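Residue strings, one per chain:
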Amino acid sequence: MHNCPQTSPPLYPIFLSLHGLRCVVAGLGTVGQRKLAGLLVCSPASVLALDIAEPSPEAAALLQDPRIQFARRSLASEDLQSCAIVFASTNNPQENTRIATLCAERGIWCNSATTPEQGTFQVPAVTRQGALAAALSTGGASPALARQWKAELEQWLIPRSRMSTFMGRLRPLVLALGDNTEHNTALFRALVASPLQELLGKGDVEACRHLLRDALPPPLHAHLGELLDDLA
């Protein structure tokens, strides 16, 4: 009889706003660089980047961002003051454990690269298309699978990102017509159920125009160019 390893409790999925917050990345190897690049996309106020080694050319390029303060040393407890989130990304499991412990004592969210169970969160595989983002986690079971599925998600998101952008452009135009809520709801639901998303994914502009002329109120036909601009 085989003894199966005890499974960890499920992780709570969340999209976290880092806008205006202070973050720390300890360790600027391949993993740390990936964490740092992902942070910078999300507009933190500042990032303290730490490493005991001289930064590689790839890391040095990231460190040119004016929001980053770099120090060639290990993390100290005072570095955690006013910090919102920490990435323990060194190649030393003992050091990552030390950082995770310091964060736990202060109630700071921490991701530990080598010992994820000692941190408070894990970073999913994320793919973005415009404002649309999809995140996927295997709960640490297989990073290789997560990377493979991320590539598949990128293709899956393309038509959905275009559809999301289109609906975001259309909504204020429809509301400006002043029709009642029931009418507008029916219009939006009909478009969502229509082949429009598939047509946008194929880049078939003429088919999109034809569908929208039939679906949209006549006053909106003059806006088809701006609604479909760069989407197909």
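Our subject is the structure that appears above.
Residues numbered from 1 in each chain as written. Predicted model: local features only at pLDDT ≥ 70, side-chain atom pairs only at ≥ 80, totals over all residues. Heavy atoms only, no water.

Turning our eyes to something else, we now look at the side chain of Asn-111. Summarising the element assignment, Asn-111 is placed in strand E5 (residues 109-112). Aside from chain neighbours lying at most four places away, what touches Asn-111 is Lys-35, Val-86, Phe-87, Ala-88, Phe-121, Gln-122 and Val-123. (Helix = DSSP H or I, 4+ residues; strand = E, 2+ residues; numbered from the N terminus. Contact = heavy atoms within 4.5 Å.)

Moving on: the sheet that holds strand E3 (residues 68-71). Pairing is parallel in the open sheet, where five strands are placed in the order E3-E2-E1-E4-E5. Pairing within the sheet leaves two strands with one partner each, and these edge strands are E3 and E5. Averaged over all adjacent pairs, the angle separating strand axes in this sheet is 15 degrees, with direction ignored. In this sheet, E3 lies alongside strand E2 (residues 46-50) in parallel orientation, the contact comprising four bridges. Bridge assignment links Val-47 to a residue of E3, and that residue is Ile-68. Across the sheet, helix H1 (residues 30-41) lies against strand E1 (22-26), E2, E3, strand E4 (85-88) and E5, angled at about 165 degrees from E1, the strand it touches most. (Pairing = 2+ DSSP bridges. Axes fitted to C-alpha atoms, helices over the stretch in contact; angles between N-to-C directions.)

Turning next to the environment of Gly-29. Within the secondary structure, Gly-29 sits in the loop between E1 and H1. Residue classification places Gly-29 among the partly exposed residues on the basis of a relative accessible area of 34%. When the C-alpha positions of Gly-29 and Ala-53 are compared, they lie 9.4 Å apart, and in sequence the two are 24 residues distant. (Buried < 20%, exposed > 50% of the residue type's maximum accessible area, 1.4 Å probe, protein only.)

Here we take up the packing of helix H4 (residues 143-176) against helix H5 (residues 181-193). Two elements in contact, H4 and H5, have axes whose closest approach is 12 Å; the angle formed by their N-to-C orientations is 160 degrees. Considering their axes alone, H4 and H5 lie roughly antiparallel with respect to each other. Like other packed secondary-structure pairs, H4 and H5 cross with a definite hand, here right-handed. Contacts between H4 and H5 involve Met-163, Phe-166, Met-167, Leu-170, Arg-171, Val-174 and Leu-175 from the first element and Asn-184, Leu-187, Phe-188, Leu-191 and Val-192 from the second. Residue classes in the contact of H4 with H5 are distributed as 10 nonpolar, one polar and one charged. (Parallel < 35°, antiparallel > 145°, perpendicular 65-115°, else oblique. Left-handed = near helix turned anticlockwise from the far one by under 90°. Nonpolar A, V, L, I, M, F, W, Y, C, P; charged D, E, K, R; others polar.)

Turning to the packing of aromatic side chains, a few remarks are in order. Going through the model one piece at a time under the given rule, you end up with two aromatic pairs. Measuring from ring centre to ring centre gives 5.6 Å for Phe-87 and Phe-121, while their planes differ by 85 degrees; the resulting arrangement is edge-to-face. Taken together, the residues span a long stretch of sequence, with Phe-87 in strand E4 and Phe-121 in the loop between E5 and strand E6 (125-129) at a distance of 34 residues. Judged by its relative accessible area of 6%, Phe-87 is buried. Exposure remark for Phe-121: the relative accessible area of 16% places this residue in the buried category. Arranged with centres 6.3 Å apart and planes meeting at 40 degrees, the rings of Trp-109 and Phe-121 form a pair that is tilted. One end of the pair, Trp-109, is in strand E5; the other, Phe-121, is in the loop between E5 and E6, with 12 residues separating them in the sequence. Overall, Trp-109 belongs to the partly exposed group, its relative accessible area being 37%. Taken together through their ring pairs, the aromatic side chains of Phe-87, Trp-109 and Phe-121 make up a single cluster. (Phe/Tyr/Trp six-rings, centres within 6.5 Å; stacked < 30°, edge-to-face > 60°.)

Let us now look at unusual backbone geometry. Even without being glycine, Ser-82 reaches a positive phi, approximately 60 degrees. For Ser-82, the position within the fold is in the loop between E3 and E4. Classification of Ser-82 as exposed rests on a relative accessible area of 63%. Positioned with a positive phi, Asp-230 is a non-glycine residue whose angle comes to about 65 degrees. Here Asp-230 shows up in the segment after helix H8 (224-228). Among the residues examined, Asp-230 registers a relative accessible area of 70% and is labelled exposed.

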